[in-house]
Amino acid sequence: MSFQVFGLSISRGVAIGKAVLVASSRVDVAHYFIPDAQVPLEVARLCEARDAVGEELETLKRDLPADAPGELAALLDVHLMLLRDELLTGATICWISERHYNAEWALSAQLEVVARQFDEMEDAYLRERKADLEQVVERLLRALARGAAVPLAPPPAPASDGGDFGGEEPLVLIANDIAPADMLQFKRSVFTGFVTDVGGKTSHTAIVARSMDIPAVVGAREASRLIQQDDWVVIDGDAGVVIVDPSPIVLEEYRFRQRQIQLERERLARLRHTPAVTLDGERIDLLANIELPQDAPGALVAGAAGVGLFRSEFLFMNRGGALPSEDEQFEAYRAAVEAMQGLPVTIRTVDIGADKPIDRMTVGELRHAHTLNPALGLRAIRWSLSEPGMFRKQLRAILRASAFGKVRLLIPMLVHAGEIRQTFEAIARARRQLDDAGVPYGEVEVGAMIEVPAAALQMPLFLKHFDFVSIGTNDLIQYTLAIDRADEAVSHLYDVWHPAVLRLIADVIRQAREAGRGVSVCGEMAGDPACTELLLAMGLRSFSMHPSRIAAVKQRLLRADTRKLAPLLGQILDAESPEAMCAQLLRAEPGKTASRSLLTA
Ligand code: PEP
Ligand code: MG
């Protein structure tokens with residue numbers, strides 16, 4: 001029976017595919033497709049893990065003290081029975097051989113199926129056996145990790161016929177939540193759309209999903225409970241709606257929309273070589289946000305004038321908690337710099353914390369998680385300054401990459417004068433170390449992210465020390481409005497158009513321009529065409545966004561006249577509802593239509 005699930009639209013378009021469920025309790029296991037030839041090895045891994053857990057349980061049973069309660073032995077028997085039940089291991093093997101899931105994913109998928117069956121049982125005693133099943137799976141996952149022969153590699157790209165990885169049908173991913181690190185694993189995978197139960201529009205999971213440029217809906221609350229494995233699903237990324245088991249008429253309508261969207265994309269792609277210049281001749285820099293050096297070629301193809309934000313923290317993820325060495329980082333930064341062929345690359349120092357833990361297994365050791373309010377905790381530059389050895393390694397790696405092209409260094413989340421001083425001391429020290437070792441590096445401009453209201457309100461301090469500033473609107477909105485950007489429960493209050501937010505942004509841009517310093521916006525707002533004219537009216541001339549957004553923003557600015565927009569700014573900022581005022585003023589101009597903002601609830 002067809003039904004709909006509602007969530008938040010985070011990237012537009014329509015995806016139609018079969019649901020692949022990632023079990024909610026197991027999102028921290030690796031999920032990737034294995035090639036045909038690896039199926040027997042993967043099955044063998046699973047069987048070895050099963051045998052190892054079997055021995056573990058038998059030993060436990062044998063070594064039970066004589067006075068142990070009888071229930072304990074009975075419980076171990078139940079675990080052994082569950083372990084050897086075909087419903088668990090036999091079916092898991094099917095996931096591996098038929099779907100080409102890696103063993104951990106296959107196990108999680110089967111756990112989800114069986115857990116649902118347990119949930120539906122009438123008998124309370126049997127229902128409670130679900131917890132036992134989860135414990136058995138936990139043991140199996142641990143055994144798999146112990147014998148982990150398979151690295152956390154990114155999933156392979158789909159075979160051209162789609163046959164080797166998960167069959168011919170398009171697949172969409174349904175999960176309770178996907179950590180940014182897991183999202184990265186899916187980045188070059190076969191999925192044509194995503195749905196998650198939790199998450200806000202500018203959560204980092206949403207940002208990585210958006211960078212994949214595939215339709216996605218987050219905050220769909222019950223989606224992973226209501227949608228079943230293999231259900232046919234339509235993801236309407238524009239409306240933030242997921243239609244499960246659609247009727248043939250609905251399906252046909254969406255296929256039609258898919259074709260329209262594709263035509264629109266092709267039309268926009270033709271703008272790639274068109275210079276980004278407004279009607280009145282203002283040159284606008286459209287830069288790219290990237291997560292990995294492998295994203296750089298895509299940025300060039302999209303027509304980016306450089307990289308405005310390289311989120312270096314993604315180099316720190318999916319490494320089992322080990323930090324990347326200076327040389328590894330240097331190679332990654334150099335790869336991005338070389339791929340951009342002389343265009344500037346702005347590398348932001350690591351912004352770990354909040355909704356971007358390095359690795360779930362080691363967060364405790366890295367002292368940045370498990371706090372009550374991680375977004376207000378040891379995040380970004382705060383963490384870097386608390387790990388001086390790690391920070392200097394990263395600074396040296398970035399400086400070294402500057403010998404191969406134009407590199408700009410960007411520091412996230414600065415608030416205090418003391419942090420600014422310590423940061424410059426660390427940079428000076430890293431330069432001295434390279435000098436002493438005779439290692440070459442180039443001229444590097446240093447910039448600050450303005451993403452906390454306290455920074456926006458003391459621009460003279462920042463403009464005195466930094467060559468440029470970049471406004472992180474995602475966090476600036478979060479911290480100005482006291483709205484957790486990753487929490488779907490308050491996502492309706494996360495509002496880029498809030499007058500307080502707009503005033504801060506406008507003031508930062510004005511002061512930076514008056515001081516003759518470079519200023520750009522690198523939050524999601526920069527890539528939202530509904531905000532393009534507003535930012536131009538504020539005087540912004542440098543926008544950094546996901547490469548997939550560049551064409552749509554360029555289309556808007558090609559039709560804009562900054563001489564007409566600037567005088568409207570006062571009216572917009574003074575309005576009780578700046579969004580409505582902006583739409584009204586823009587509609588007043590011929591040829592302009594106000595479109596719905598990606599960042600408004
Ligand atoms: C921002 O806060 O707007 C930003 C660009 O940084 P991030 O989204 O990585 O926090
Ligand atoms: Mg930020």
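For the structure, check the block above.
Residues numbered from 1 in each chain as written. Chains lettered and ligands numbered in written order. Predicted model: local features only at pLDDT ≥ 70, side-chain atom pairs only at ≥ 80, totals over all residues. Heavy atoms only, no water.

Turning our attention to the pairing of strand β5 (residues 191–196). Side-chain direction in a regular strand flips from residue to residue, so the side chains alternate between the two faces of the sheet. Counting buried positions along β5 yields 5 of 6 residues, so the element is predominantly enclosed. Two strands pair when backbone bridges link them, and strand β4 (residues 171–175) and β5 are joined in this way by 5 bridges, in the parallel orientation. The residue of β5 that forms the bridge with Val 172 is Gly 193. As paired strands, β5 and strand β6 (residues 216–218) are joined by 2 bridges and run parallel to one another. (Buried < 20%, exposed > 50% of the residue type's maximum accessible area, 1.4 Å probe, protein only. Helix = DSSP H or I, 4+ residues; strand = E, 2+ residues; numbered from the N terminus. Pairing = 2+ DSSP bridges.)

In this section: the pairing of strand β7 (residues 232–236). With 4 of its 5 residues buried, β7 lies for the most part within the structure. Relative to β7, strand β3 (residues 14–22) runs antiparallel, the two sharing 5 bridges. Residue pairing for β7: Gly 17 is matched across the bridge by Val 233. Examined bridge by bridge, β7 and strand β8 (residues 241–244) share 4 bridges and lie antiparallel to one another. Each bridged residue has a counterpart across the sheet, and for Val 233 the counterpart in β8 is Val 244. What sits between β7 and β8 in their antiparallel hairpin is a turn of 4 residues, with Gly 240 showing a positive phi close to 70°.

In the first shell of the magnesium ion (ligand 2), the protein supplies Glu 451 (OE) and Asp 475 (OD), at 2.0 to 2.1 Å from the metal. Here Asp 475 lies in helix α18 (residues 473–481) and Glu 451 lies in the loop between β13 (444–450) and α16 (453–456), a separation of 24 residues in the sequence. Assigned by exposure class, Glu 451 and Asp 475 land together as buried. (Donors = N, O, S within 2.8 Å, 3.2 Å for Na, K, Ca; no water.)

What helix α3 (residues 86–99) keeps buried is the set Leu 88, Thr 89, Gly 90, Ala 91, Thr 92, Trp 95 and Ile 96. Packing partners of the buried residues in α3 comprise α1 (39–62), α2 (70–84), α4 (103–119) and α6 (129–146). At the N-terminal boundary of α3, the capping side chain belongs to Asp 85, with an oxygen 2.7 Å from the backbone nitrogen of Leu 87. Once α3 finishes, His 100 follows within two positions and takes phi at roughly 65°, a positive value. (Contact = heavy atoms within 4.5 Å. Polar contact = N/O pair within 3.5 Å; in protein donor to acceptor, adjacent residues only side chain to side chain.)

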